[in-house]
Each structure stands twice: as C-alpha cells, then as structure tokens.
Amino acid sequence: MKANLLLSRRLLLICAAVFVIVALVLMLGVIRPVKDELARGGTTENAVLGFWINIILNFISALALFLIAIRSKGRSWISTSLLVIAALVVLLLGLALLDAASAYRGHGLPMRSATIIIFICAAADILGGFLVVITMFLRPKRA
C-alpha cells in the first residue's frame, strides 16, 4: 500500500511541477508577443488578460496538487474532490490554450514562436490533467 501512496505523491508532484513550468513558459514566452500583437492591432486586450488568468489558475492548481501530495495520507472524499476540481480546471485551461493557439496560428510570422509555445503548453496541461485523473485512481484508501 505504501508504494501506491508514494507513487501517487510523486505523480502529483510531477504534475504540479509541469503546471508551474507551463505557467512560467506562458509568462516568459507568450505574454510579450501577445502584447506586441496588441500594439499592432492584431488582438484585443482581453487576450492578455486571458493568458494572465490561465497563468494564475495554473499556479493555483499546482499549489493544490502540491498540498494534496504533501498533506494527504490516502484517498479521502476531500482530496478526491480537490483532485477532480484541479483536473477539470487544468483540462479546461489546456483546451483554452489550444483554442488560443489555433487563433494565433493565422497571425503570421511574428506570432509563430508564441503559437508553438502555446500548443506545447496546451499539450502539457491536457496530459497533466489526464495524469491527475489517473493518479486519483492510484491513491490507496485512507487507512
């Protein structure tokens, strides 16, 4: 039983690290090109706000997963509920990033690197969300 708890903790910490990396990559690699696109009149101010909301929610999800991995001693209804919420939030964030990347794909050469970064971050969020769902089922019941 302890091996499953240890495995689930490690997986949750890996997911939390992935979500932090996604947030940092979005912050460092996407916000600036989107602001430049805003200055050229190719996008709206809501896009920048949307990316900041995505970054903040990724950080909050990572924090929740970190706290669950460190504090939880097994599967309880509270930890399972929080994992379900975190997984849904991250999956929706990944889908939002996928939509943003599809929209920016047609904006030409200046947004090409940002579009690739957004696609990679969307894939990381979606895969991380699925890994959180899988981890929910690996967690042993509380003794």
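Data block above holds the structure.
Reading the values: the criteria
- Residues numbered from 1 in each chain as written.
- Predicted model: local features only at pLDDT ≥ 70, side-chain atom pairs only at ≥ 80, totals over all residues.
- Heavy atoms only, no water.
- Helix = DSSP H or I, 4+ residues; strand = E, 2+ residues; numbered from the N terminus.
- Buried < 20%, exposed > 50% of the residue type's maximum accessible area, 1.4 Å probe, protein only.
- Contact = heavy atoms within 4.5 Å.
- Areas by Shrake-Rupley, 256 points an atom, 1.4 Å probe, with all protein chains shown as cover.
- Lys, Arg positive; Asp, Glu negative; His and termini not counted.
- Charge placed at Lys NZ, Arg CZ, Asp CG, Glu CD.
- Salt bridge = Lys/Arg side-chain N within 4 Å of Asp/Glu carboxyl O.
- Polar contact = N/O pair within 3.5 Å; in protein donor to acceptor, adjacent residues only side chain to side chain.
- Core = buried A, V, L, I, M, F, W, Y, C linked by side-chain atoms within 4.5 Å.
- Patch = residues over 30% accessible without salt bridge, like charges linked within 9 Å, V, L, I, M, F, W, Y side chains within 5 Å.
- Axes fitted to C-alpha atoms, helices over the stretch in contact; angles between N-to-C directions.
- Parallel < 35°, antiparallel > 145°, perpendicular 65-115°, else oblique.
- Left-handed = near helix turned anticlockwise from the far one by under 90°.
- Nonpolar A, V, L, I, M, F, W, Y, C, P; charged D, E, K, R; others polar.
- Phe/Tyr/Trp six-rings, centres within 6.5 Å; stacked < 30°, edge-to-face > 60°.

Draft legend 1. Layout of the overall build of the chain. Scanning the chain from terminus to terminus reveals five helices and zero strands. Going from the N terminus to the C terminus, the chain shows its helices and strands as α-α-α-α-α. Its C-alpha atoms put the chain at 60 × 20 × 20 Å along the principal axes. A burial count over the chain gives 41% of its 143 residues as buried. Sequence separation of at least 24 residues holds for 81% of the intrachain contacts in the chain that already meet a minimum separation of 6. Summed over all atoms, the accessible surface of the chain reaches about 8,100 Å², with 73% contributed by carbon and sulfur. If the 14 positive side-chain charges of the chain are averaged to one point and the 5 negative ones to another, these points end up 24 Å apart.

Draft legend 2. Main features of the side chain of R139. As for its placement among the helices and strands, R139 is situated in the segment after α5 (112-138). Here R139 occupies a buried position and makes no salt bridge, while the nearest side chain of opposite charge, D125, is found at 19 Å. Polar contacts involving the side chain of R139 include one to the side chain of S8, which spans 3.5 Å. Other than its neighbours up to four places away in sequence, R139 contacts L5, S8, L12, I68, S72, G74, R75, S79 and L83.

Draft legend 3. Quick look at the nonpolar core. The biggest cluster of nonpolar side chains holds 19 residues, and the ones touching the most others in it are L26, V30, V34, F51, L97, Y104 and I118. Mapped onto this core, the elements with two or more residues apiece are α1 (2-29), α2 (31-39), α3 (45-71), α4 (77-104) and α5. Membership of the second largest hydrophobic core comes to 14 residues, among which are L12, C15, F19 and L83.

Draft legend 4. Molecular detail of a nonpolar patch on the surface. Together, L13, L63, F66, L67 and I70 give the surface a local cluster of nonpolar side chains, amounting to about 440 Å² of exposed area. Sort the elements by how many residues they give to the nonpolar patch and α3 lands first, with four residues. Assignment of secondary structure puts L67 in helix α3. Residue classification places L67 among the partly exposed residues on the basis of a relative accessible area of 42%.

Draft legend 5. The arrangement of the packing of α4 against α5 in detail. Packing of α4 against α5 leaves a shortest axis separation of 8 Å and a crossing angle of 160°. Here α4 lies roughly antiparallel to α5, going by the angle between them. Considering the relative orientation of α4 and α5, their crossing is left-handed. When its residues are assigned to classes, the contact of α4 with α5 shows 21 nonpolar, five polar and one charged.

Draft legend 6. Summary view of the packing of aromatic side chains. Under the defined criterion, the tally for this structure stands at one aromatic pair. For the ring pair F51 and Y104, a centre distance of 6.3 Å and an interplane angle of 20° mean the geometry is stacked. Within this pair, whereas F51 is found in helix α3, its partner Y104 is found in helix α4, the two being separated by 53 residues in sequence. Judged by relative accessible area, which is 5%, Y104 ranks as buried.

Any link to function would need more than the numbers given here.
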